[in-house]
Amino acid sequence: MVQMLCLVPVLLLILTGASAQAQSATGKPKVDRLVMGLINPYRDYMRPWINGTPDHNIQHDPVFEWLFEVDVSSGGYNPWLAKSSEMAKDGRSWRIKLQKGVQFHHGYGEFTAKDVVHNHAVWCDPNYPGRKDPTVVGYKNGMCAVQRVEVVNDHEVVMHCKVVCLDLQFYYSSASSMIIFSKAQWDKEGEMAYETKPAGTGPYIFKERQLGRYVLYERAPTPHWKWGVVDWKEIQMTWNVEEPPRYAQLLTAESHLTEINRDLTEEAIAKGFKLIRSRQVAQQTVIAFGGLYFGTEDKATKRYSEYGGITGRLDPKVPWTNKKVRQAMNKAINRDEILKAMYKGRATPTYVAGFYPDLPGWDPTWEKRFPEMYGYDPKKAKQLLAEAGYPKGFKAKAWLFPFAGAPELVQVMEAVATQLREVGIELELEEADLVAVVQPKVRERRANGYLRGGVPSKKAVEPQIALFNAGKGVGHWFEDDTIYGMWEELLQMSDPKAYAAQLRRIGNYKFENFEVIPLFDVHIEVVVNPKIINDWPFSGWDGGDLGHTFLISACKQEKPCK
């Protein structure tokens, strides 16, 4: 904090010219360029299938569109580039009508069915002509559950699935990675044109990227087909994993919005800044146990065979492969203390990772059962550790890293380490780069012996199970044959009631096996300069949770917009 306060006066002197952009006329944005001060350095490429994750889809948000939109207020699915959709009675195909007249940037013509076929093939055809790299993303399994895209006409397709695909709208929505690129551009310029001058259909156009520094977008020259004329001539996304300079940039108007921990948020509000929260719960905060690789690999069916497979990955010497140890560690956590200190009370309990009260599969008994099974009880935690063969506790490791949408994550892990120490568990905390160190080890199931913070986004429930429990992605939280079998059965169920009941069975299995240390359901909080920004309605579901950047509205009055 001392360093930050020293830094602020210097930046104030340097950046006093920032207000020179201000427009004096009432009724107009006060700056031409909106600057977003984000946390995570987004991958320096636009192709989302290169070691992909929806967490970096915010950089696509101003330029590209999806077939379906996650509704800002309800979290439901609205038509977007799709005009309408209808699922077949057996749940194995969807008939989708497409918008007419939507134009790609740079003169690449109208969006049609051929672009849907192209983007599906880019992800799902292992030998797609012109694509140099294999496709990787946590939700690929669900996107590629679509086996074939049948073209009815230029503005209508039928998606045929190899399993029941009740969640297709999710997999082809702005919460996932099936972003619509132009086939005409691919055919004319090749794959790398998607990096240098990508053609989307959104209200902004990609302008330039400075590697490791920022991405810049400019307003499209004509009103957008859906959103009309957006407020900003340019949007610039910058990032800094260090919190003090990110906060200082906000204070000095070098940026106009940022994410900071809740202590600094309250300080910023006292200084006249404005808090905007996601319209819905956006994330859950959990602590994941590295090394719960209990499943049986079967290469013939691709069961657990991704990224080197599961055979030989389990290390039974890791203490928390014992269920009693996992329960003990849960009962060592004083969640009320963390909620008050880190989240200022602005969060609600997570009971089962990936499950939410307003989504299918929720079991209301979890709330009642949680205190006995998970509630804070250091004495019981020590008893469980002794029963598991660790009467004096044990030593382990944990990774520390920041994460977009979760500025408290490092502090939470430090608090958890302190609380675990009270029952004899000593954590060695290692600062680590999420992309370069943590994700490769997690992806390849080499995270034995490490705890790590997790902030799974609010998504449809089945994709969360596929990602974290069935091995269809890079999560690998808790994998065993029972949960895998239940997930396989789920994908054959077309009746929504039976589907929800099966999800509930899976949720109870996760709950009773202490798959993670569940903490809180949280909204994403963004602090904005109210002299520049009026509002930002975003659901918390989009891609990396932050989305609908084209709905960030300008404060066009002389006084700050409260």
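Heads up: the structure comes first, above all this text.
Since this is a predicted model, take the numbers as computed values, not measurements. (Residues numbered from 1 in each chain as written. Predicted model: local features only at pLDDT ≥ 70, side-chain atom pairs only at ≥ 80, totals over all residues. Heavy atoms only, no water.)

**Student:** How would you sum up the overall build of the chain? Please name residues and give values.
**Tutor:** Counting its regular elements, the chain contains 17 helices and 23 strands. Taken over C-alpha atoms, the radius of gyration comes to 24 Å for the chain, in line with the 24 Å a tight globule of 562 residues would show. If one aligns the C-alpha atoms of the chain with their principal axes, the spans along those axes are about 70 × 60 × 40 Å. When burial is assessed residue by residue, the chain has 60% of its 562 residues classed as buried. Relative to all contacts within the chain whose residues are 6 or more apart in sequence, the contacts with residues 24 or more apart total 73%. Summed over its atoms, the accessible surface of the chain is roughly 22000 Å², and 52% of this surface lies on carbon and sulfur atoms. (Helix = DSSP H or I, 4+ residues; strand = E, 2+ residues; numbered from the N terminus. Rg over C-alpha atoms; globule rule 2.2 N^0.38 Å. Buried < 20%, exposed > 50% of the residue type's maximum accessible area, 1.4 Å probe, protein only. Contact = heavy atoms within 4.5 Å. Areas by Shrake-Rupley, 256 points an atom, 1.4 Å probe, with all protein chains shown as cover.)

**Student:** So what about the layout of surface pockets? Which residues, and what values?
**Tutor:** Size it by volume and the largest pocket reaches roughly 1000 Å³. Lining the largest pocket are 39 residues; nearest its centre among them are Asn141, Lys162, Lys302, Glu306 and Lys472. When contributions to the lining of the largest pocket are tallied by element, the ones reaching two or more residues are helix H2 (113-124), helix H3 (140-143), helix H4 (168-171) and helix H16 (481-490). The class makeup of the residues in the lining of the largest pocket is 21 nonpolar, seven polar and eleven charged. In this model, the second largest pocket occupies a volume close to 740 Å³. Lining the second largest pocket are 34 residues, with Asn40, Val241, Phe401, Pro402 and Phe403 positioned closest to its centre. Counting residues per element, the ones that place at least two in the lining of the second largest pocket are helix H7 (243-251), helix H13 (409-421) and helix H14 (434-443). (1 Å grid on protein atoms, 1.4 Å probe; cavity = no way out; pocket = protein on both sides within 12 Å on 5 of 7 lines; lining within 4 Å. Points joined across faces, edges and corners; volume = space filled by probe spheres on them. Nonpolar A, V, L, I, M, F, W, Y, C, P; charged D, E, K, R; others polar.)

**Student:** Can you break down the state of the cysteines residue by residue, with the values?
**Tutor:** Here the structure, examined in full by the defined rule, presents three disulfides. The disulfide partner of cysteine 555 is cysteine 561, and the S-S distance across this bridge is 2.2 Å. Between cysteine 555 and cysteine 561, the S-S torsion sits near 85 degrees, and that sign places the bridge as right-handed. The pair formed by cysteine 555 and cysteine 561 is uniform in burial state, with each residue classed as buried. Each bonded cysteine of the chain gets a number by its place in the sequence, and the pairs then read 1-2, 3-4, 5-6. (Disulfide = S-S within 2.5 Å.)

**Student:** Could you give me a rundown of the pattern of salt bridges, with the residues and numbers involved?
**Tutor:** What the rule picks out here adds up to 28 salt bridges. Across the pair arginine 246 and glutamate 243 runs a salt bridge, and its minimum N-O distance is 3.7 Å. Here glutamate 243 and arginine 246 lie together in helix H7, a separation of three residues that amounts to about one turn. Here arginine 246 and glutamate 243 have matching classes, each one buried. Notably, a salt bridge pairs lysine 324 with glutamate 387, separated by 3.1 Å at the nearest N-O pair. With a gap of 63 residues between them, lysine 324 in helix H9 (residues 323-331) and glutamate 387 in helix H12 (residues 378-387) connect regions that are remote in the sequence. Assessed through its relative accessible area of 37%, lysine 324 is described here as partly exposed. The exposure class assigned to glutamate 387 is partly exposed, which follows from its relative accessible area of 41%. (Salt bridge = Lys/Arg side-chain N within 4 Å of Asp/Glu carboxyl O.)

**Student:** Go over the side chain of asparagine 57 with me, naming the residues and quoting the values.
**Tutor:** Mapped onto the elements of the fold, asparagine 57 is located in the loop between strand E1 (33-38) and strand E2 (68-70). Contacts of asparagine 57, omitting those with residues within four sequence positions, involve Pro48, Trp66, Ser176, Ser177, Ile179 and Gly543.

**Student:** Got a sec to walk through the nonpolar core? Specific residues and values, please.
**Tutor:** Counting 170 residues, the largest nonpolar core has Met36, Leu67, Leu168, Trp232, Trp320, Met329 and Leu451 as the members making the most contacts within it. Per-element accounting of this core gives the leading share, seven residues, to H13. Not counting residues up to four positions away in its chain, the partners in contact with methionine 329 are Phe289, Trp320, Phe394, Leu420, Ile425, Leu451 and Ile517. Core analysis: the second largest hydrophobic core is formed by seven residues, Tyr247, Leu264, Phe273 and Val527 among them. (Core = buried A, V, L, I, M, F, W, Y, C linked by side-chain atoms within 4.5 Å.)

**Student:** Mind laying out helix H15 (residues 461-468), listing which residues take part and the relevant values?
**Tutor:** Burial of H15 is extensive: eight of the eight residues sit out of reach of the surface. Looking only at H15, the buried set comprises Val461, Glu462, Pro463, Gln464, Ile465, Ala466, Leu467 and Phe468. Residues of H15 that are buried in the fold lie against H4, strand E19 (478-479), H16 and helix H17 (496-512).

**Student:** Break down the sheet that holds strand E11 (residues 257-258) for me, citing the residues and quoting the values.
**Tutor:** What the seven strands build is an open sheet, ordered E8-E9-E10-E1-E11-E21-E12; its pairing is mixed. In the strand order of this sheet, the two ends are held by strand E8 (204-210) and strand E12 (274-277), each with one partner. Sheet topology note: the E1/E11 ladder contains two bridges and is parallel. Across the sheet, methionine 36 pairs through a bridge with leucine 257, a residue of E11. Strands in contact with helix H8 (residues 262-270) are E12 and strand E21 (525-528); relative to E21, the strand with the most contacts, it is inclined by about 30 degrees. (Pairing = 2+ DSSP bridges. Axes fitted to C-alpha atoms, helices over the stretch in contact; angles between N-to-C directions.)

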